[in-house]
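Report on the structure
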Amino acid sequence: MQIDILTLFPEMFSGVLGQSILQKAAEKSAVNYNVVNFREYADNKHSTVDDYPYGGGAGMVLKPQPIFDAVAALKEKAKSSKPRVILLCPQGERYEQRKAEELANEEHLLFICGHYEGYDERIREHVVTDEISIGDYVLTGGELGAMVVIDSVVRLLPEVLGNQESHQKDSFSTGLLEHPHYTRPADFRGMKVPDTLLSGNHKLIEEWRNKEALRRTLLRRPDLLDKIELTAKQEKWLEEVKKDCE
């Protein structure tokens, strides 16, 4: 996967893309990162990328020219199929795991990280394919949002995680929150691991994990249960969990 990032602050990405899973993904050639300062594409002698909004008002607005030209140059350089051009903004689609899974199937993602009051509307209308918001709050720029989306997408690429089943059972990937996890020691200061997990009975362990995923979802995010179709077995387990919670 090719990931291009247009930003006025490219140094913000060095620590994130050069560490942990994101770095390992690049080392495995699963992804190639290209961070570009779109100020380099400004066509004026002062490299200005923003201007006052027509009609007045507070703040500055990103001009269309630098973004249009930067996106065109990156598309030409990639010579690949049409990239998904993603704008990070509070007005965008709220980001969810299903969107991460969708984007992970693409060959080329191009992120636009803005600052100031907003973007010239022509950028949205003629350049962008996706507008994404990572939550109902406002950040100083799109960089942190882009980092969140990139991290969630790259970990889904083949061979990036050591265990390919890891992301398949993540919270939200199944529609439910993930079950609790335990590791050694089995008894830590009197706090013990559930006996089922120590039993060696894989059928019982899988049932326990399914029930606990349902329990955690019911208690913490019951709204998620309205969005998925449970199997008959899961319906039965959910009823048992509800009785336990009464």
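What you see is a predicted model; the values in this text were computed from it and never measured.

Along its length, the protein carries 9 helices and 10 strands. A burial count over the protein gives 40% of its 246 residues as buried. Across the protein, contacts joining residues at least 24 apart in sequence account for 72% of those joining residues at least 6 apart. A total of about 14,600 Å² of accessible surface is found on the protein, and carbon and sulfur atoms cover 49% of it. Between the mean site of the 32 positive side-chain charges and the mean site of the 41 negative ones, the protein shows a separation of 5 Å.

This part is about the side chain of D130. Along the chain, D130 turns up in strand β8 (residues 130-133). Taking the relative accessible area as the measure of exposure, D130 reaches 7% and is therefore buried. With sequence-adjacent residues up to four places away left out, D130 is seen in contact with R84, V85, I86, L87 and K99.

As a further point, take a nonpolar patch on the surface. A surface patch of nonpolar side chains, about 430 Å² in accessible area, is lined by F9, M12, Y137, L139 and L144. Residue F9 is classed as partly exposed on the basis of its relative accessible area of 31%.

With the rule as written, the count across this model stands at 0 disulfides. No disulfide involves C89; its sulfur sits 12 Å from that of C113, the nearest cysteine.

Formed by 29 residues in total, the largest nonpolar core has its most connected members in I3, Y33, F111, V153 and V154. Residue assignment for this core shows that the elements contributing at least two residues are β1 (2-7), α2 (20-27), β5 (84-94), α4 (97-103), β6 (108-112) and α6 (143-154). Broken down by element, this core gets its largest block of residues, 6 residues, from α6. For I3, the contacting residues outside a window of four places in its chain are V31, N32, Y33, N34, L109, F111, I150 and V154. Core analysis: the next-biggest nonpolar cluster, separate from the first, contains 20 residues, V36, L62, I67 and V128 among them.

Here we come to the UniProt feature "binding site: S-adenosyl-L-methionine" (unreviewed entry) in the protein. As recorded in UniProt, the feature "binding site: S-adenosyl-L-methionine" (unreviewed entry) lies at G114, I134, G135, D136, Y137, V138 and L139. Along the chain, I134 falls in the loop between β8 and α6. On the accessibility criterion, I134 (27% relative accessible area) is partly exposed. Those residues in contact with I134 that lie beyond four places of it in its chain are Y95, L139, G145, V148 and V149. Along the chain, Y137 falls in the loop between β8 and α6.

The final tally for this structure, using the stated rule, is 1 aromatic pair. Relative to W208, the ring of Y182 has its centre 6.4 Å away and its plane inclined at 55°; by these criteria the two rings are tilted. With Y182 in the loop between α6 and β9 (187-188) and W208 in helix α8 (residues 202-220), the pair connects residues that are 26 residues apart, well separated along the chain. Among the residues examined, Y182 registers a relative accessible area of 46% and is labelled partly exposed.

Moving on to the pattern of salt bridges. The final tally for this structure, using the stated rule, is 18 salt bridges. For E102, the salt bridge goes to R84, with nearest N and O atoms at 2.4 Å. Separated by 18 residues along the polypeptide, E102 in helix α4 and R84 in strand β5 bring together distant segments of the chain. Between E212 and R215 there is a salt bridge, with the nearest N and O atoms lying 3.2 Å from each other. Of this pair, E212 and R215 both sit in helix α8, 3 residues apart, roughly one helical turn. Three or more residues are tied together by salt bridges with common partners; here these are R84, E93, E96, R98, K99, E102, E106 and D130.

Moving on: the environment of N32. Along the chain, the position of N32 falls in strand β2 (residues 32-37). What makes N32 partly exposed here is its relative accessible area of 42%. Not counting the four nearest positions on each side in its chain, N32 is found in contact with M1, Q2 and I3.

The rules we used
- Residues numbered from 1 in each chain as written.
- Predicted model: local features only at pLDDT ≥ 70, side-chain atom pairs only at ≥ 80, totals over all residues.
- Heavy atoms only, no water.
- Helix = DSSP H or I, 4+ residues; strand = E, 2+ residues; numbered from the N terminus.
- Buried < 20%, exposed > 50% of the residue type's maximum accessible area, 1.4 Å probe, protein only.
- Contact = heavy atoms within 4.5 Å.
- Areas by Shrake-Rupley, 256 points an atom, 1.4 Å probe, with all protein chains shown as cover.
- Lys, Arg positive; Asp, Glu negative; His and termini not counted.
- Charge placed at Lys NZ, Arg CZ, Asp CG, Glu CD.
- Patch = residues over 30% accessible without salt bridge, like charges linked within 9 Å, V, L, I, M, F, W, Y side chains within 5 Å.
- Salt bridge = Lys/Arg side-chain N within 4 Å of Asp/Glu carboxyl O.
- Disulfide = S-S within 2.5 Å.
- Core = buried A, V, L, I, M, F, W, Y, C linked by side-chain atoms within 4.5 Å.
- UniProt positions renumbered as here; feature names shortened; annotations may be inferred.
- Phe/Tyr/Trp six-rings, centres within 6.5 Å; stacked < 30°, edge-to-face > 60°.

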